Number of protein chains: 2
Amino acid sequence: MLDRGDNLRADPAAIAALAADPAARLLRLDGIDPVLDETGHLVWGGMAEAADGADLILLGLADGRPHFAQHVPGALDAATRSAWIFKAIGMMAPGEAALYGGARSLIDWHERHGFCARCGQPTLVQRAGWGRRCPACEAEHFPRVDPVVIMLAEHEDRVLVGRQPRFPPRRYSALAGFVEPGEALEEAVARELWEEAGIRVRDVRYVASQPWPFPSSLMVACVATAEDDALTIDHTELEDAMWVPRAGVAASMAGAPDAPFLPPPDYAIANTLFRAWLGA
Amino acid sequence: MLDRGDNLRADPAAIAALAADPAARLLRLDGIDPVLDETGHLVWGGMAEAADGADLILLGLADGRPHFAQHVPGALDAATRSAWIFKAIGMMAPGEAALYGGARSLIDWHERHGFCARCGQPTLVQRAGWGRRCPACEAEHFPRVDPVVIMLAEHEDRVLVGRQPRFPPRRYSALAGFVEPGEALEEAVARELWEEAGIRVRDVRYVASQPWPFPSSLMVACVATAEDDALTIDHTELEDAMWVPRAGVAASMAGAPDAPFLPPPDYAIANTLFRAWLGA
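Residues numbered from 1 in each chain as written. Chains lettered and ligands numbered in written order. Predicted model: local features only at pLDDT ≥ 70, side-chain atom pairs only at ≥ 80, totals over all residues. Heavy atoms only, no water.

- The name an unreviewed UniProt entry gives chain A is NAD(+) diphosphatase, with Sphingomonas sanxanigenens DSM 19645 = NX02 as the organism.
- According to the UniProt record, the Sequence similarities (unreviewed entry) comment for chain A is "Belongs to the Nudix hydrolase family. NudC subfamily."
- Here is the UniProt Catalytic activity (unreviewed entry) comment for chain A, exactly as written: "a 5'-end NAD(+)-phospho-ribonucleoside in mRNA + H2O = a 5'-end phospho-adenosine-phospho-ribonucleoside in mRNA + beta-nicotinamide D-ribonucleotide + 2 H(+)". (UniProt positions renumbered as here; feature names shortened; annotations may be inferred.)

Printed below as a string of structure tokens:
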């Protein structure tokens, strides 16, 4: 298990000593994408692989060895997302997706937050990569984690599934949306289902959570009970939405050829959510 | 119930029409603090009260009337937090604390995010106050919601409580900390309890969530089972921590004079968490 070493981050001398440790390892990346070996493990190099001018990010300590990632300012096109990353996530060894995801979120955040949002001046990395500081106005800035609710509404043993225009053919998933300031998770679930599908819900139940590093979401999966089943679909958000009975969800999750929809991939929390609902 | 009007935000003409509606109301504030009437309700004025140069924030529609708040750039000292706000939260009519909290989080966010974090240039308000846009580099910026876990570890029918140096005398509460990139909620709970108290936990259970607008947290309350009860307190975070048996928690929550600690205030989710644990 990774110890994030949070208590060391404020100590630049301790971080420098970790970076100078011959056992220290640096995450090898292709741009912002992971490099995997043939068994799906992340590939690590030595600290000598750090680029000139790179900022080091302490990911933590594992097996007594410091683990770092690097951010090379200006080296990324943060807007580009390769297709390879979603294939890679499905191949990654358990536990390593979260480690990589944290590194990816931080690198992306540094790339898009080089200036102070309060005063506009250039900022500097601090806290071993877990923050930035403005030398002009002294503001501190911390990496974002954006909570997102993803939810199944249920009604008489059917659940509501929807598809976005960008989904592959026949793919349906759970509805989702960002939590806004001033909302509890339960309120965000109710609002999103009302806005996107026109249904009112009660009894919102938490199911599971998962980080999702595109760029820095925290997915929170819930189930809620719909008051009725009349849909008013917001077509700016969804291409389609429909109620699917339990047998149809089971067939879809089992990959049956005549199933009503193609389910979300295994690594997505929506998949966990469907499985949890089937098992409940 | 407030309809946030999310689907209208991208339509400047619709927002202008709402702002020109004679029934529209503007949240009256004292700096960033709420103004309450004698029954604990938020006080609203007409749109004519909007300051010159103010940016309008659409809070939503209630009873068919548009409800707005305003941000007056540069008029706030965002670093100042009055003592009145915590008294006010305890007095507020149900449902209004969240409405006010959302407005407060947004106003504070605008005040501290006038510049583009990507390129350093001044940004403009968009989406009826729910975002900013950079005219120089076209980056879009959205208000932050920072997830925080707050949790009780339990061990043999006792729970772990701690106090920060800034707490009033005898106050103890649940331990808490920000969720980091790359973590699930459950992992953040386990990490924080390990870092702050030196205990390992299993079986993290979700209890409740609540927005906390200082400046823009989303509190997520959990209970976890501790593997053992030996404490190693991180004194940079906590002044003290201790295990309290069920009877002691009940006495504290009931305000008994000989109770082991003073509990967190009613409006804090930590209070909800203690009550939920006692009721479980």
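There is more to say after this.
**Quick notes on the relation of the copies chain B and chain A**
- Between chain B and chain A, which share one sequence, the superposing operator has a rotation angle of 180° and an axial displacement of 0.0 Å; the RMSD is 0.0 Å. What we have between these two chains is a two-fold relation. In terms of proximity to the rotation axis, the leading residue of chain B is glycine 120 of chain B, whose C-alpha is 2.1 Å off the axis.
- The residues that chain B uses at the interface reappear at the interface of chain A in 100% of cases, marking a shared surface. (Least-squares fit on C-alpha atoms with pLDDT ≥ 70 in both. Contact = heavy atoms within 4.5 Å.)

**Considering the domain arrangement of chain A**
Residue and element names in this part refer to chain A.
- Domain boundaries assigned for chain A yield domain 1 (6-112) and domain 2 (146-279).
- Distance from the C-alpha centre of domain 1 to the C-alpha centre of domain 2: 32 Å.
- Taken together, the 10 residues of domain 1 in the interface contact six residues of domain 2.
- Both sides of the domain 1 and domain 2 interface together cover about 740 Å² of buried area, and 72% of this is carbon and sulfur.
- Counting the contacts that link domain 1 with domain 2 gives zero salt bridges.
- Inspection of the region where domain 1 meets domain 2 yields two residue pairs in polar contact (both at pLDDT 80 or more).
- For the side of domain 1 that touches domain 2, the secondary-structure elements that each account for two or more residues are helix H2 (84-91) and helix H3 (96-112). (Domains from an automatic or database assignment. Buried area = accessible area lost by both parts, 1.4 Å probe. Salt bridge = Lys/Arg side-chain N within 4 Å of Asp/Glu carboxyl O. Polar contact = N/O pair within 3.5 Å; in protein donor to acceptor, adjacent residues only side chain to side chain. Helix = DSSP H or I, 4+ residues; strand = E, 2+ residues; numbered from the N terminus.)

**Quick look at the nonpolar core**
- Ranked by size, the top nonpolar core spans 46 residues in total, and within it Leu160, Leu193 and Ile199 of chain A together with Leu160, Leu193 and Ile199 of chain B carry the most contacts.
- Once you skip the residues sitting within four places of it in the chain, leucine 160 of chain B turns out to touch Leu152, Ala153, Leu175, Leu193, Ala197, Ile199, Leu231, Ala241, Met242 and Trp243 of chain B. (Core = buried A, V, L, I, M, F, W, Y, C linked by side-chain atoms within 4.5 Å. Buried < 20%, exposed > 50% of the residue type's maximum accessible area, 1.4 Å probe, protein only.)

**With respect to the interface of chain B and chain A**
- With 41 residues of chain B at the contact, the number on the chain A side is 41 residues.
- There are six salt bridges connecting chain B and chain A.
- The salt bridge involving glutamate 180 of chain B is made with arginine 4 of chain A; its shortest N-O contact spans 2.8 Å.
- There are 22 residue pairs in polar contact (both at pLDDT 80 or more) connecting chain B and chain A.
- Contributing elements (two or more residues each) for the side of chain B that touches chain A: helix H3 (96-112), strand S10 (146-155), helix H4 (185-197), strand S13 (201-212) and strand S14 (217-226) of chain B.
- Residues belonging to the side of chain B that touches chain A are distributed by class as follows: 20 nonpolar, eight polar and 13 charged. (Nonpolar A, V, L, I, M, F, W, Y, C, P; charged D, E, K, R; others polar.)

**Focus: the sheet that holds strand S9 (residues 140-141) of chain A**
Residues and elements named next belong to chain A.
- Spatial strand order, S7-S8-S9: three strands in an open sheet with antiparallel pairing. Strand pairing shows two members of the sheet lacking a second neighbour, strand S7 (124-126) and S9, which therefore form its edges.
- For strand S8 (residues 131-133) and S9, the ladder comprises two bridges, and the chain directions are antiparallel. Each bridged residue has a counterpart across the sheet, and for arginine 133 the counterpart in S9 is glutamate 140.
- Its contacts with the sheet put H3 on S7, S8 and S9, and the angle it makes with S8 is roughly 20°. (Pairing = 2+ DSSP bridges. Axes fitted to C-alpha atoms, helices over the stretch in contact; angles between N-to-C directions.)

**Concerning the packing of helix H5 (residues 246-253) of chain A against helix H6 (residues 269-279) of chain A**
Residues and elements named next belong to chain A.
- One can describe the packing of H5 onto H6 by two numbers: an axis separation of 10 Å at closest approach and a directional angle of 135°. When the interaxial angle is binned, H5 and H6 end up oblique. Of the two possible hands of crossing, H5 and H6 adopt the one that is left-handed. On the side of H5, the interface is formed by Arg246, Val249, Ala250 and Met253, while H6 contributes Asn271, Phe274, Arg275, Trp277 and Leu278.
- The residue inventory of the contact of H5 with H6, partitioned by class, reads six nonpolar, one polar and two charged. (Parallel < 35°, antiparallel > 145°, perpendicular 65-115°, else oblique. Left-handed = near helix turned anticlockwise from the far one by under 90°.)

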